[in-house]
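# Examining the three-dimensional arrangement
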Amino acid sequence: MLIQRRLTLGIGALFAMILLLGIQSVGYILDLSRASGNILTDNYNSLHYARSMMTALDSLTFDSTSMTELLDNLALQRRNITESDEFRVTDNLSSKIDKLSDSVTLDKILEIRSDLYKIMDLNMTAIREKSRLAGTTAEDAMLRIAVSAILCALIAFVLLIRFPQAVVRPIRELKKGIMEIANFHYDKRLDFSRNKEFRAVAESFNNMAEKLSEYQRSTLDDLMMAKKRIEAVVNSLHEPIIGLDPDKKILFMNDEAFTILNLKPEEAVGRNATEVALNNDLLRRLIRELYSDDPNKEPLKIYADNKESYFQMENIPLYVTPVGEKKKSFIGNMIILNNITKYKEIDSAKTNFISTVSHEMKTPIASIMMSLHLLEDSRLGPLNDEQKALAQSIRENSDRLLGITGELLNLTQIETGKLQLMPKVTKPIELIDYAVAATRVLAERFGCFVEVEYPEKIAKLFIDSEKIAWVVTNLLSNAIHHSPEGARIIVGAAQRDNKVDIFVQDFGRGIDPRYHKSIFDRYFRVPGTKVQGSGLGLAISKEFVEAHGGTIGVESQIGHGSRFTITLPV
């Protein structure tokens, strides 16, 4: 049956029941109203006429108008006869009243009064009978209406239970079928042979499911081939690769990963990584690195290819956009171990080369400085102006070369991990005084004025004073080189809780905010700068300060100068 027809029948049945109850109730009410009207209009009027005639009869002996009233009420009574014996009694009453025209006697009055009592008795009896019948009719009406209401309520309840189910059942079946298809159960079929409206829907649904089933069977081989192709590509890579799902279950590993981790496929794939890591130290470290936010992670040292190898772990979160959705969903992580052994070996060779060259260069530089000192000695003879200028140029370039050599030696100590600190209790003013004294000649040559800001009371530091003094000197030297002639430079210290800040501030050109982080990288020089240098001073300063558990930073804007701050624990 069509849903539209079911809705029409259901609503029509409810409407018919409501109409039936309404008609039945109105009919019974009309019957009761009619019965009540008969009692009031018929019997009550007869009682009224009889009572009026009784009153006129009592006044007949002394009131001549009473006869007229008696006859008028008798006429009204004749026209209001409703009971079977009332006609006979009214005729007897009429004949007896006619005899009063001859003479009025007590016997005639008594006979007339007797007939009036009979009329009143007949109407009273009729009123009681009609009242009883009206009560019976009302009870019967109540019973029939109650029975009809109960039947209608039962029918409505049955409709309420069965009707929505009959309407919703095919929709629910269709929804269930769609959910089965969504869960890739393409063998689901619908049968709506008894429902004309959903028969076409069921046929379309079944055709769709059949096509999807065929498509699944036809593409399964393609999917398996694509899976094998991807596995072949992953296994051809020389970097170990591990795939994890959102619950850290191992989805795949290439052959390099199995070799590095010393695992077999059946021991890892399909199992939770944390469970496998209980018996594998390297995998345990990899899982721990997943939750680390340290950007400067140390490379992993692993014995591979019959030597110590270095691998840099790379964690790549994987996201996909599900079909029909716009928001990306997290599907797991891919761990790639990049083999950086070759770069480590090159870096180590570079460090050794720089260390060797730096040491070898110190001897000839020292000889040049000694020869220059002897050449400038007046005991060997005076120098002319041109010779003095050449000697000054040789000294400046030798000092610059000696400074670069010292920076390279410091860098090699840092890179090889041979940096040794010899801390002692030091006042910050000692570091500042050393830097000011070391750069006094340079400041005078550039015409800069160095001001010292130092509080009356400040905590002492437990540091390697030689290395931190070198950092402050380097910062002050940079400030002098990048300041115009006659500029102010401020060097000072300040205490904040349990930390001490040592700062160097100039009012020169300033540094573009884009390069605030890059200037602490090795060999980096701000583009466009004309000051010569190795690009190692700030990098070495950063390493020295961080080795003491401190930090170094810069605040600078173009045209407003720069302020370098070293923060050290007290």
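Predicted model only: the values in this text are computed from it and were never measured.

Here the focus is the overall build of the protein chain. Scanning the protein chain for helices and strands turns up 15 helices and 12 strands. Taking all 570 residues of the protein chain together, the buried fraction comes to 34%. Of the contacts made within the protein chain by residues no fewer than 6 positions apart, 62% connect residues no fewer than 24 positions apart.

Take the nonpolar core next. Core analysis: the largest hydrophobic core is formed by 38 residues, its most contacted members being Leu475, Ile502, Ile519, Phe564 and Ile566. With eight residues, helix H14 (residues 465-481) is the largest single contributor of residues to this core. Filtering out sequence-adjacent residues up to four positions away, Leu475 remains in contact with Val504, Leu538, Ile552, Phe564 and Ile566. One finds Leu244, Ile287, Ile302 and Phe311 within the second-largest nonpolar core, a separate group that totals 24 residues.

Next up on the list: the environment of Ser101. Topologically, Ser101 is positioned in the loop between helix H3 (86-99) and helix H4 (106-182). Between the C-alpha atoms of Ser101 and Met67, which are 34 residues apart in sequence, the distance is 8.9 Å.

If you trace the five strands from one edge of the open sheet to the other, you get S7-S9-S10-S12-S11, paired in mixed fashion. Edge positions in the open sheet fall to strand S7 (449-453) and strand S11 (551-556), since each of these has one partner strand only. The average undirected angle you get between the axes of adjacent strands in this sheet is 15°. Pairing analysis gives eight bridges linking strand S10 (residues 499-506) to strand S12 (residues 562-569), with the strands arranged antiparallel. Looking at the pairing, Lys499 lines up with Pro569 of S12.

Here the focus is a positive patch on the surface. A cluster of basic side chains, namely Arg162, Arg169, Arg172 and Lys175, defines a positive patch on the protein surface. Relative to the assigned elements, Arg162 resides in helix H4.

Before going further, it helps to examine the pairing of strand S9 (residues 488-496). Relative to S9, S7 is paired through five bridges, and the arrangement is parallel. Bridging across to S9, Phe449 finds its partner in Arg488. Two strands pair when backbone bridges link them, and S9 and S10 are joined in this way by eight bridges, in the antiparallel orientation. Across the sheet, residue Val491 finds its bridge partner in S10, namely Val504. The hairpin turn running from S9 into S10, its antiparallel successor, is two residues long, and Asp497 in that turn takes a positive phi close to 55°.

Applying the stated rule across the entire model yields 10 salt bridges. Across the salt bridge formed by Arg514 and Asp512, the nearest N and O atoms sit 3.1 Å from each other. Overall, the relative accessible area of 62% leaves Arg514 in the exposed class. On the accessibility criterion, Asp512 (19% relative accessible area) is buried.

Compared with an ideal rise of 1.5 Å per residue, which puts 13 residues at 18 Å, helix H2 (residues 66-78) spans 18 Å between its outermost C-alpha atoms and is within 8% of the ideal. Along H2, the residues classified as buried are Ser66, Met67, Leu70, Asn73, Leu74 and Gln77. Around the axis of H2, the buried residues are gathered within 130° of arc, so they sit on the same side.

Residue position: Ser52 is located in helix H1 (residues 3-58). In this structure Ser52 touches Glu69 and Asn73, once residues within four positions along its chain are discounted.

This part covers the packing of aromatic side chains. Summed over all chains, the structure comprises four aromatic pairs. Seen in terms of ring centroids, Tyr319 and Phe330 are 5.5 Å apart; in terms of plane orientation they differ by 55°. Their pairing is tilted. Placement of the pair is Tyr319 in strand S4 (residues 307-320) and Phe330 in strand S5 (residues 329-339), with a sequence separation of 11 residues. For the pair Trp470 and Phe544, a centre-to-centre distance of 5.8 Å together with 75° between the ring planes defines the contact as edge-to-face. Of this pair, Trp470 sits in helix H14 while Phe544 sits in helix H15 (residues 537-547), and the two are 74 residues apart along the sequence. You can call Trp470 partly exposed: its relative accessible area is 25%.

About the thresholds
Residues numbered from 1 in each chain as written. Predicted model: local features only at pLDDT ≥ 70, side-chain atom pairs only at ≥ 80, totals over all residues. Heavy atoms only, no water. Helix = DSSP H or I, 4+ residues; strand = E, 2+ residues; numbered from the N terminus. Buried < 20%, exposed > 50% of the residue type's maximum accessible area, 1.4 Å probe, protein only. Contact = heavy atoms within 4.5 Å. Core = buried A, V, L, I, M, F, W, Y, C linked by side-chain atoms within 4.5 Å. Pairing = 2+ DSSP bridges. Axes fitted to C-alpha atoms, helices over the stretch in contact; angles between N-to-C directions. Patch = residues over 30% accessible without salt bridge, like charges linked within 9 Å, V, L, I, M, F, W, Y side chains within 5 Å. Areas by Shrake-Rupley, 256 points an atom, 1.4 Å probe, with all protein chains shown as cover. Salt bridge = Lys/Arg side-chain N within 4 Å of Asp/Glu carboxyl O. Lys, Arg positive; Asp, Glu negative; His and termini not counted. Charge placed at Lys NZ, Arg CZ, Asp CG, Glu CD. Expected span 1.5 Å × (residues − 1). Arc of directions from axis to C-beta. Phe/Tyr/Trp six-rings, centres within 6.5 Å; stacked < 30°, edge-to-face > 60°.

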